[in-house]
Each structure stands twice: as structure tokens, then as C-alpha cells.
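Residue-level listing of the chains:
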Amino acid sequence: VEKQAMWAARDLRPSPVMVWMPGHSGRFLDAIGGERLYALFALVMFCGLRRDEVIGLAWAEADLDHRSVLVRETGGGDGPKSEHGFRVVPLPDVVIAALRAWRKAQLAGRLAWGEAWTDTGRVFTREDGTAVPGQWVSVRFETLAYRAGLPPVRFHDLRHGAASQLKASGADTKLISAILGHSRTSFTDATYVTVFPDVAAAAMDQAAAVVGRAGIAKERQR
């Protein structure tokens with residue numbers, strides 16, 4: 001417990017916002033394969049929902065056949081932070097698969113609890129159907145990340161990571177901003193997007209290749 005507390009200490013981090021590299025994200029998902037709320041972490045990691053948005057998400061707003069979720073309510077029962085927060089978020093295959101598996105598990109739990117089950121209609125719940133506390137989600141994430149031997153990041157940093165992954169995949173800032181629910185693309189670029197080193201290196205190689213050099217041309221001819 002003491003070691004995890006030191007790992008999670010905010011004042012020991014080199015930066016207030018820390019973003020995992022793609023390899024770190026993959027290691028995390030591999031490490032939590034049996035986690036009950038695996039789908040919650042996958043959804044935030046790939047789609048960048050805020051914590052209050054993901055715990056407030058209802059099954060009525062999840063259209064897995066059409067690969068999207070509608071964000072319109074938070075865990076506190078209020079709407080998103082701004083009008084831009086009301087949005088349709090597309091889902092990748094990995095998240096759809098995780099949500100389908102989770103729905104089956106949740107339905108099985110509902111049958112087991114019977115009349116004691118609390119029907120909140122939410123996607124992510126405790127074993128008895130009641131709402132998942134936001135702070136518990138953050139603490140649980142940090143515990144799992146620590147156990148997986150990964151660098152210390154906050155749960156909210158997964159949202160930053162989602163933006164950076166989208167940028168690395170070639171998505172433009174306007175699309176990333178819409179997915180995150182931001183009102184300004186400049187805010188998305190300045191605050192949420194981190195350029196991964198390998199992506200930056202590839203871009204530099206491509207830029208360097210534009211410059212024609214006789215020596216290089218001769219080498220290629222050989």
C-alpha cells in the first residue's frame with residue numbers, strides 16, 4: 001500500500017499530465033483481462049470519455065450495432081460540461097467486443113441478484129446494479145496500473161492518451177475535438193494531444209526524404 005501511494009503521489013511526477021505510450025496501453029489491457037470493468041477502461045482509453053460521462057452512460061444510449069454511444073448524461077445526473085459535450089462517439093471493434101462481453105456478464109449478474117438488483121439502466125454498475133462511484137473508478141485504475149508495473153498516470157490521463165492515439169493514427173484535430181467534446185480545436189491540440197516519439201521520428205524521415213540528394217540517389221541505384 002505504501003509503495004502504491006508513493007507511485008501515485010502527484011508531487012513526485014515529472015509532469016502534471018502523463019500520457020502512456022501505445023505499448024503501455026497495450027500492456028495495461030493485457031494485464032487486466034479478467035477485470036470486471038475491463039470494458040470501462042477500454043472505452044475511456046480508446047474513445048476519451050470523461051470519468052463522469054462513462055459512469056453515467058446508459059445502455060439506451062449505446063448502439064453497438066451501429067458502433068457508437070451517445071453522450072448526454074453524467075454520473076451526477078446532469079448533462080455534459082457544455083453543448084459540445086452532447087455528442088455521438090464512434091467505437092472501434094476492440095471496444096464493441098468488450099462492451100458485448102460486459103453486457104452478457106452484467107445480465108448474468110442481474111439474474112443472480114434477482115429482485116435485489118437495482119435497475120439504473122447504466123452500462124457500468126456494481127454487482128448489485130447500483131451506480132459505480134467515480135472516485136472508486138480512479139482508485140481502481142491506479143491500483144491496476146501499479147500492479148502492471150506501468151508508469152504513473154491518472155485515470156483522466158487516459159483521455160489525453162486517446163487524443164494522442166487518434167492523432168498518431170492520422171485523424172485531424174477537428175475530428176479529435178468532436179470526439180472529446182471540446183469547443184475549440186486549439187484547446188485540443190494545446191492541451192490533449194501528445195506526439196509519440198516514433199510518430200515524430202517517422203514524420204522527420206518523411207520530411208527528410210523530400211530533399212533530393214545526388215549521393216542518396218546513387219546509393220539507391222546500386
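Residues numbered from 1 in each chain as written. Predicted model: local features only at pLDDT ≥ 70, side-chain atom pairs only at ≥ 80, totals over all residues. Heavy atoms only, no water.

*Asks:* Can you help me understand the side chain of aspartate 157 in this one?
*Replies:* Within the fold, aspartate 157 resides in helix 7 (residues 157–168). Judged by relative accessible area, which is 2%, aspartate 157 ranks as buried. (Helix = DSSP H or I, 4+ residues; strand = E, 2+ residues; numbered from the N terminus. Buried < 20%, exposed > 50% of the residue type's maximum accessible area, 1.4 Å probe, protein only.)

*Asks:* Explain the nonpolar core to me, please; I cannot follow it from the model alone.
*Replies:* Note that soluble globular proteins tend to have their nonpolar side chains buried in a common cluster. Core analysis: the largest hydrophobic core is formed by 49 residues, its most contacted members being Trp20, Phe28, Phe41, Leu43, Leu91, Phe124 and Phe141. A total of 8 residues in this core trace back to one element, the largest contributor, which is helix 3 (residues 38–47). Discounting chain neighbours no more than four positions away, the residues touching leucine 43 are Gly48, Leu49, Val54, Leu57, Leu91, Val95 and Phe124. (Core = buried A, V, L, I, M, F, W, Y, C linked by side-chain atoms within 4.5 Å. Contact = heavy atoms within 4.5 Å.)

*Asks:* I would appreciate a short explanation of the pairing of strand 3 (residues 87–90) in the present structure.
*Replies:* Within a regular strand, side chains alternate between the sheet's two faces. Of the two faces of strand 3, only one is covered, namely that formed by Arg87 and Val89; the face formed by Val88 and Pro90 stays uncovered. Judged from the 4 bridges that link them, strand 2 (residues 68–71) and strand 3 form a sheet pairing that is antiparallel. Looking across to strand 3, one finds that serine 68 is bridged to proline 90. (Pairing = 2+ DSSP bridges.)

*Asks:* How should I be thinking about the sheet that holds strand 3 in this particular structure?
*Replies:* Sheet strands associate in pairs through backbone hydrogen bonding, adopting either a parallel or an antiparallel arrangement. In spatial order, the strands read 1-2-3; together these 3 strands make up an open sheet with antiparallel pairing. Each end of this open sheet is capped by a strand with a single partner; those strands are strand 1 (62–63) and strand 3. As paired elements, strand 1 and strand 2 share 2 bridges and run antiparallel to each other. Bridging from a neighbouring strand, aspartate 63 pairs with serine 68 of strand 2.

*Asks:* What is the right way to read the pattern of salt bridges from this model?
*Replies:* Pairs can form between side chains of opposite charge whenever their charged atoms are close. Within the structure shown, the criterion is met by 8 salt bridges. Put simply, arginine 50 and glutamate 53 hold a salt bridge, and the shortest N to O gap is 2.7 Å. The salt bridge partner of arginine 72 is glutamate 61, with a shortest N-O separation of 2.9 Å. Remark: glutamate 61 occurs in the loop between helix 4 (51–55) and strand 1 and arginine 72 occurs in the loop between strand 2 and strand 3; sequence separation between them is 11 residues. With a relative accessible area of 47%, arginine 72 lands in the partly exposed category. The buried category is assigned to glutamate 61, whose relative accessible area is 15%. Among the charged side chains, a network of salt bridges with common partners joins Arg50, Glu53 and Arg87. (Salt bridge = Lys/Arg side-chain N within 4 Å of Asp/Glu carboxyl O.)

*Asks:* Mind showing me how you'd approach the packing of aromatic side chains here?
*Replies:* The relative placement of two aromatic rings is captured by the distance of their centres and the angle of their planes. Counted by the stated rule, this structure contains 9 aromatic pairs. Relative to phenylalanine 141, the ring of tryptophan 20 has its centre 5.6 Å away and its plane inclined at 50°; by these criteria the two rings are tilted. Of this pair, tryptophan 20 sits in the loop between helix 1 (2–8) and helix 2 (22–31) while phenylalanine 141 sits in helix 6 (residues 134–147), and the two are 121 residues apart along the sequence. Look at tryptophan 20 and you get buried, because its relative accessible area is 5%. You can call phenylalanine 141 buried: its relative accessible area is 0%. (Phe/Tyr/Trp six-rings, centres within 6.5 Å; stacked < 30°, edge-to-face > 60°.)

*Asks:* How should I be thinking about empty space enclosed by the protein in this particular structure?
*Replies:* Take a probe with the size of a water molecule and roll it over the atoms, and the empty space left behind shows itself. With the rule as written, the count across this model stands at 1 cavity of 30 Å³ or more. Estimated volume of the largest cavity: approximately 50 Å³. Lining the largest cavity are Met18, Val19, Trp20, Ser25, Met45, Val153, Asp157, Leu158, Gly161, Ala162 and Gln165. Take the lining of the largest cavity: its biggest share by element is 5 residues, from helix 7. Of the residues in the lining of the largest cavity, the class split is 7 nonpolar, 3 polar and 1 charged. (1 Å grid on protein atoms, 1.4 Å probe; cavity = no way out; pocket = protein on both sides within 12 Å on 5 of 7 lines; lining within 4 Å. Points joined across faces, edges and corners; volume = space filled by probe spheres on them. Nonpolar A, V, L, I, M, F, W, Y, C, P; charged D, E, K, R; others polar.)

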